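Each chain, letter by letter, is given below.
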Amino acid sequence: MYANAVVGNSIVTTIAGQSVTELAQKHGTPVFVYDAAVIAERIRDLAAFDAIRYAQKALSNIAILDLVRRHGVVVDAVSAGEVQRAIAAGYKPGHAHPPQIVYTADIFDRAALEIVAKYDLPVNCGSPDMIDQYGAICPGRGITLRINPGFGHGHSKKTNTGGQQSKHGIWHDQVADCAERAKRANLTITGMHMHIGSGTDLEHLSQVCGAMEKTCRLVGPTITSISAGGGLPTIYKPGDKYVDLAAYFKLWDATRQKLANEFGHAISLEIEPGRYLSAECGYLIAEIRAVKRMGENLFYIVDAGFNNLARPILYGSHHPMAICPADGSSAARGTQDAIIGGPLCESGDIFTQEEGGFVVSRELPTASVGDYLVIGCAGAYGYVMASNYNSKPLVAEVLVENGKANLVRAAQTFEDIVRGEVIPK
Ligand SMILES: *Cc1c(COP(=O)(O)O)cnc(C)c1O
């Protein structure tokens, strides 16, 4: 069930039981607000899997990591910084079953290699070179391989994670070679991983499962775990399809059972969601600072831009939007078609655009300066992609849990923005 309070073309006055106007007045705008109960609900949805490994790159505030940790979720880290975040949130490095932190990427940069060695972290290798590099620092360990099965899914060139155009993973016909490499590097291949993102396309997913079985057979019974990757979809607008989680699990479970029978021991099944856990919980509250007409078009210009939420400008992503009147009243109003723009000196700074950058308008309640725009489903790939463009500070983040709104990140100050800059003497 859709769990975000913003349904589109509506008035919204509370988020997770908290008053939007009070949140805005207390923390300033723009501000990100997250609803812990929604994350917990999404975690429960995936209880059938042996391990839920959160792809923290989607929303990585340490309070969020602490929250998912308390709900039994383990994590992925794609950089040295994400490893440090996980540890700061209470995760323990090491080779437990399942490991609490796994470094997963297509390369080790220098900082990542250093931190993996320091904490003896398990690694999911996305390129053959990583096998040799890991063997040199952690000989005797198990590794998992991220495989590109030779096909991907999805229409967006920027989000496709398989096939010849993708930079991700180890090409499927190099698995035998990687097994040799691993042996030479004194490593054992203990798991296989595919992150293709079939979403709601179960026929496509069964192809991925088939590719997983084939690849695992090439390595043999040292395999003790498989990972289905992430890519579980979130509903952003009416008409988006829900994933049939029971059918999704059934396909992966059958693959796991087949491999367990062939190998003669249990195979654990991991899933690795990012947006599925974190998208719906999030809101970006902005204030409308100008309402202006350009020929036929009406613009609401708000104080948030792509420095706060980049998905629309990057991918043409749709976010549900609602208005909260300045006085917090929920009385019905008429509607207008409006284009929503931000404050940045960049013509692409428009929240209502489609893939390819085509500007569109949105039917929204009639609003004036001082009213709030609430952008829904902004938890995943929102704050984590924010920038200081136009010398705008990173904004505050608030986590609402058990009826309490806690500030989990203070807004940056000017001093934070220029830290490290120097005028040469
Ligand atoms: C980004 C990523 C995920 C999460 O993707 P979502 O689409 O947010 O679920 C999972 N696994 C890997 C390896 C990733 O890079």
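Please refer to the structure higher up on the page.
The structure contained in this document is the topic of the report that follows. (Residues numbered from 1 in each chain as written. Predicted model: local features only at pLDDT ≥ 70, side-chain atom pairs only at ≥ 80, totals over all residues. Heavy atoms only, no water.)

### Focus: the site of the ligand
Then comes step 1: Surveying the vicinity of the ligand reveals the residues Ala55, Lys57, Arg146, His193, His195, Gly230, Gly231, Glu272, Pro273, Gly274, Arg275 and Tyr381.
Then comes step 2: One of the side-chain N or O atoms of Lys57 is found 2.7 Å from an oxygen atom in the ligand.
Then comes step 3: The side chain of Glu272 places a nitrogen or oxygen atom 2.7 Å from a nitrogen atom of the ligand.
Then comes step 4: Taking 390 Å² as the accessible area of the ligand by itself, protein coverage stands at 90%.
Then comes step 5: The residue inventory of the shell around the ligand, partitioned by class, reads 3 nonpolar, 5 polar and 4 charged. (Near = heavy atom within 4 Å. Polar contact = N/O pair within 3.5 Å; in protein donor to acceptor, adjacent residues only side chain to side chain. Areas by Shrake-Rupley, 256 points an atom, 1.4 Å probe, with all protein chains shown as cover. Nonpolar A, V, L, I, M, F, W, Y, C, P; charged D, E, K, R; others polar.)

### Brief notes about the pairing of strand E15 (residues 297-302)
Then comes step 1: Counting buried positions along E15 gives 5 out of 6 residues, so the element sits mostly inside the fold.
Then comes step 2: Connecting strand E14 (residues 282-294) to the antiparallel partner E15 that follows it, the hairpin turn spans 2 residues, and Gly295 within it adopts a positive phi of roughly 60 degrees.
Then comes step 3: Note that E15 and strand E17 (residues 335-341) share 3 bridges and pair parallel. When the sheet's bridge partners are listed, Ile301 is paired in E17 with Gly341. (Buried < 20%, exposed > 50% of the residue type's maximum accessible area, 1.4 Å probe, protein only. Helix = DSSP H or I, 4+ residues; strand = E, 2+ residues; numbered from the N terminus. Pairing = 2+ DSSP bridges.)

### Re helix H4 (residues 80-88)
Then comes step 1: Where H4 is concerned, the buried positions are Ala80, Glu82, Val83 and Ala86. In an axial view of H4, the angular spread of the buried residues amounts to 165 degrees, which keeps them on one side of the axis.
Then comes step 2: Check the buried side of H4 and you find it contacts helix H3 (62-70), strand E6 (74-77), strand E7 (101-105) and helix H5 (110-119).
Then comes step 3: One or two steps after H4, the chain reaches Gly90, where phi turns positive at roughly 105 degrees. (Arc of directions from axis to C-beta. Contact = heavy atoms within 4.5 Å.)

### Some thoughts on the nonpolar core
Then comes step 1: Residues Tyr54, Leu145 and Trp252 are the most contacted members of the largest nonpolar core, which totals 105 residues.
Then comes step 2: Membership of the second largest hydrophobic core comes to 17 residues, among which are Tyr283, Ile285, Val374 and Val398. (Core = buried A, V, L, I, M, F, W, Y, C linked by side-chain atoms within 4.5 Å.)

### A short note on the side chain of His27
Then comes step 1: In this fold, His27 is placed in helix H1 (residues 20-27).
Then comes step 2: For His27, a relative accessible area of 18% corresponds to the buried category.
Then comes step 3: Contacts of His27, omitting those with residues within four sequence positions, involve Ala396, Val398 and Leu407.

### Quick word on the layout of surface pockets
Then comes step 1: Computed from the structure, the second largest pocket encloses a volume of approximately 510 Å³.
Then comes step 2: Taken together, 27 residues line the second largest pocket, and the ones lying closest to its centre are His97, Pro99, Thr144, Thr190 and Ser225.
Then comes step 3: Per-element tally for the lining of the second largest pocket: the top contributor is strand E11 (residues 188-193), with 4 residues.
Then comes step 4: The residue makeup of the lining of the second largest pocket, split by class, is 10 nonpolar, 13 polar and 4 charged. (1 Å grid on protein atoms, 1.4 Å probe; cavity = no way out; pocket = protein on both sides within 12 Å on 5 of 7 lines; lining within 4 Å. Points joined across faces, edges and corners; volume = space filled by probe spheres on them.)

### Digging into the packing of helix H6 (residues 128-137) against helix H7 (residues 175-184)
Then comes step 1: H7 packs onto H6 with a crossing angle of 10 degrees between their chain directions and a minimal axis gap of 9 Å. By the angle class used here, H6 and H7 are roughly parallel. Here Pro128, Asp129, Ile131 and Asp132 of H6 come into contact with H7, specifically with Cys178, Arg181 and Ala182.
Then comes step 2: Within the contact of H6 with H7, the residues separate by chemical class into 4 nonpolar, no polar and 3 charged. (Axes fitted to C-alpha atoms, helices over the stretch in contact; angles between N-to-C directions. Parallel < 35°, antiparallel > 145°, perpendicular 65-115°, else oblique.)

### A few points about helix H2 (residues 36-45)
Then comes step 1: Taken together, the buried positions of H2 are occupied by Ala36, Val38, Ile39, Ala40, Arg42 and Ile43.
Then comes step 2: In this structure, the buried side of H2 is in contact with strand E4 (31-35), strand E5 (51-55), H3, helix H10 (275-278) and strand E22 (396-401).

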